[in-house]
Amino acid sequence: MLPARFAPVLFSLILSGLMSCIVTCVATWKALGFTTGLTAAWMQAWSLSWPVAFAVAFTAAPLVRRLVAKLVRQPLQG
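Procedures and definitions
Residues numbered from 1 in each chain as written. Predicted model: local features only at pLDDT ≥ 70, side-chain atom pairs only at ≥ 80, totals over all residues. Heavy atoms only, no water. Helix = DSSP H or I, 4+ residues; strand = E, 2+ residues; numbered from the N terminus. Rg over C-alpha atoms; globule rule 2.2 N^0.38 Å. Contact = heavy atoms within 4.5 Å. Areas by Shrake-Rupley, 256 points an atom, 1.4 Å probe, with all protein chains shown as cover. Expected span 1.5 Å × (residues − 1). Buried < 20%, exposed > 50% of the residue type's maximum accessible area, 1.4 Å probe, protein only.

## A closer look at the overall build of the protein
Across its full length, the protein carries two helices and zero strands. In terms of overall dimensions, the protein is more spread out than a globule: its C-alpha atoms have a radius of gyration of 17 Å, far above the 12 Å expected for 78 residues. In terms of principal-axis extent, the alpha carbons of the protein reach across some 60 × 30 × 20 Å. Pairs at least 24 residues apart make up 62% of the contacts formed inside the protein by residues separated by at least 6 positions. Carbon and sulfur atoms make up 76% of the accessible area of the protein, which amounts to about 6,600 Å² in all.

Below, the structure is given as structure tokens:
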């Protein structure tokens, strides 16, 4: 188990990996169709996009959290 201080990094790593995997799959499939070499092209696109997605997710997360906090109503204190 990792220490709790790594939670933001781990969250960004997992979320960016999952999202970039799905998005590059859809985009590659749309561009090439269901053909031989689709998987190789997809993995090549994913290997490039995941580090970019991780950097964006990790650096944008604090801004997004603040924005979400401004957009939602806080529960009343009981």
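## Digging into helix 1 (residues 7-32)
Between its first and last C-alpha, helix 1 extends 37 Å over 26 residues, near the 38 Å set by a 1.5 Å rise per residue. Along helix 1, the residues classified as buried are Ser12, Ser16, Gly17, Ser20, Cys21, Thr24 and Thr28. Looking at the buried residues of helix 1, the elements they touch are helix 2 (38-71). Backbone geometry just downstream of helix 1 places Gly33 in the positive-phi region, at approximately 80°.

## Structural notes on the environment of Phe34
Here Phe34 lies in the loop between helix 1 and helix 2. For the pair Phe34 and Cys21, spaced 13 residues apart in sequence, the C-alpha separation works out to 17 Å.

## Digging into the environment of Ala53
Tracing the sequence through the fold places Ala53 in helix 2. Its relative accessible area of 24% is what places Ala53 among the partly exposed residues. When the C-alpha atoms of Ala53 and Leu13 are compared, they prove to be 8.7 Å apart, with 40 residues separating the residues in sequence. With near-sequence residues (within four places) excluded, Ala53 lies in contact with Ser16 and Ser20.

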